[in-house]
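Here are the chains, one letter per residue:
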Amino acid sequence: IFISVIQTPEVAKTLTIECNKIECDLAFSSPCFIKSNLEGEHQFINAGLAIALVKGLGFTIDNSLIEKSLSTTYWPARLESFTYQNSKIIIDGAHNPHAIKVISEYLCEKYYNQTWQMVFGCLKGHDAHEMALIFKNNNYDNIKKIYLAVPKNPRALSYNELENMFILAGFDKHMVLPFIDLKHIINHEHNFTLVCGSLYLAGELRQKIVNMDSDSYISNY
């Protein structure tokens, strides 16, 4: 059996055709609205898929076990919040337009009346311009500063490349600055700092925040 979250009609049609080709049953999971320890409406969809997969394998699970599991679920760098030098930092490993759209919409809903700054880094092969455009269209009035970082990876986009993409997306040049270190940008003028765009960047900064020599939760970022 092939199990998918609920899809658009176009995607659902494609999945149906492909499953028919290989004579595989197709099922669509429903969101699970049991309270989760993870932030974001999209996690209800993820939880529903996970539960459907377990049941699809023939296991029986009751709601009490689901509630217990979701209340203790831990997924680092997925809208994960920290307090660093008395300032709030949210880290998410989102590194493609679809994931950035989810984060952007989450911030619109939960922090619509707050201001924030962002640390963003990205690797080549990912659509940084499209990600910048999503933030511009959804969060422009809330974002006050954008610090562009270069993750420790040979495929990382340079500062100049990222700067051009954010300015092309419509951000004011004076809002875009080079990232040096967390301690240099932390202030209390804004409600929080968002880190996103790359799992490499998320891992690097998360490691500094939790003061680890190596991050056992993101060991292969």
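Summarised in this report is the structure supplied together with it.

Cut-offs applied
Residues numbered from 1 in each chain as written. Predicted model: local features only at pLDDT ≥ 70, side-chain atom pairs only at ≥ 80, totals over all residues. Heavy atoms only, no water. Pairing = 2+ DSSP bridges. Helix = DSSP H or I, 4+ residues; strand = E, 2+ residues; numbered from the N terminus. Axes fitted to C-alpha atoms, helices over the stretch in contact; angles between N-to-C directions. Contact = heavy atoms within 4.5 Å. Patch = residues over 30% accessible without salt bridge, like charges linked within 9 Å, V, L, I, M, F, W, Y side chains within 5 Å. Areas by Shrake-Rupley, 256 points an atom, 1.4 Å probe, with all protein chains shown as cover. Salt bridge = Lys/Arg side-chain N within 4 Å of Asp/Glu carboxyl O. Buried < 20%, exposed > 50% of the residue type's maximum accessible area, 1.4 Å probe, protein only. Disulfide = S-S within 2.5 Å.

Turning our attention to the sheet that holds strand 6 (residues 143–148). Across the sheet, six strands lie side by side as 3-4-8-5-6-7; this open sheet has mixed pairing. Two strands in the sheet have a free side with no partner beyond their single neighbour: strand 3 (80–84) and strand 7 (176–178). Strand-to-strand twist of the sheet, defined as the mean angle between neighbouring strand axes without regard to direction, takes the value 25°. Pairing analysis gives five bridges linking strand 5 (residues 116–120) to strand 8 (residues 192–196), with the strands arranged parallel. Counterpart to valine 119 in the pairing with strand 8 is valine 195. Relative to the sheet, helix 5 (residues 128–139) contacts strand 5, strand 6 and strand 8, its axis offset from that of strand 5 by approximately 175°. Taken strand by strand, helix 8 (residues 199–209) contacts strand 3, strand 4 (87–91), strand 5 and strand 8, and its axis lies near 145° from that of strand 4.

Together, Val54, Leu57 and Phe59 make up an exposed nonpolar region whose accessible area comes to about 320 Å². On the basis of relative accessibility, which here comes to 66%, the residue leucine 57 falls in the exposed class.

Now for the state of the cysteines. What the rule picks out here adds up to zero disulfides. Here cysteine 108 stays unpaired: no disulfide links it, and the sulfur of cysteine 196, its closest cysteine neighbor, is 13 Å away. For cysteine 108, a relative accessible area of 30% puts it in the partly exposed group. Cysteine cysteine 196 remains unbridged, with the sulfur of cysteine 122 as its closest cysteine sulfur at 9.5 Å.

What is shown is where atoms sit, not what they do.
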